[in-house]
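Breakdown of the fold
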Amino acid sequence: MADPVSWFVVERGWAVVGSDGAKLGTVDEVLGDSSLDIFDGLAVASGVLGKPRYVPAELVAEIVEGSVRLSIAGDEFGRLDEYEAPGTRRA
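Residues numbered from 1 in each chain as written. Predicted model: local features only at pLDDT ≥ 70, side-chain atom pairs only at ≥ 80, totals over all residues. Heavy atoms only, no water.

1. A short note on the environment of Trp 14
- Topologically, Trp 14 is positioned in the segment before strand E1 (15–17).
- The exposure class of Trp 14 is buried, given its relative accessible area of 8%.
- If we skip the residues at most four places from it in the chain, Trp 14 touches Val 5, Val 9, Gly 25, Thr 26, Val 27, Ile 63, Val 64, Glu 65, Gly 66, Ser 67 and Val 68. (Helix = DSSP H or I, 4+ residues; strand = E, 2+ residues; numbered from the N terminus. Buried < 20%, exposed > 50% of the residue type's maximum accessible area, 1.4 Å probe, protein only. Contact = heavy atoms within 4.5 Å.)

2. Here we look at the confidence of the model for the protein chain
- Across the protein chain, the average pLDDT comes to 91, with 93% of residues at 70 or higher.
- Element-level pLDDT for the protein chain is lowest in helix H1 (residues 74–77), with a mean of 94, against a maximum mean of 98 in strand E6 (residues 67–70). (pLDDT = per-residue confidence, 0-100.)

3. Considering the pattern of salt bridges
- Counted under the stated rule, the structure contains 2 salt bridges.
- With a closest N to O distance of 2.8 Å, Asp 28 and Arg 12 form a salt bridge. Linking Asp 28 in strand E2 (residues 23–33) with Arg 12 in the segment before E1, this pair joins segments that are 16 residues apart in sequence.
- The class of Arg 12 is exposed, set by a relative accessible area of 64%.
- A salt bridge links Glu 62 to Arg 69; the shortest N-O distance between them is 3.5 Å. (Salt bridge = Lys/Arg side-chain N within 4 Å of Asp/Glu carboxyl O.)

This is the structure:
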């Protein structure tokens, strides 16, 4: 089993798996403020044409080299909100 790593090393393209071990997608963007060590969450892409979903930090159960495991399974992941980059919110 791999050793846990910091959110600072997570890169775009890392696998994101659910609590049941099923692959849910890949990291599209890491969200947070590295200067203050505040991890906000991830934007996770689950398909080529689908919009990334926002996964808040509290749903991240474990980070190991190349993979992020969530505390939720695929059905719950599918109900997460789409990620909207700051400044792109519609009124």
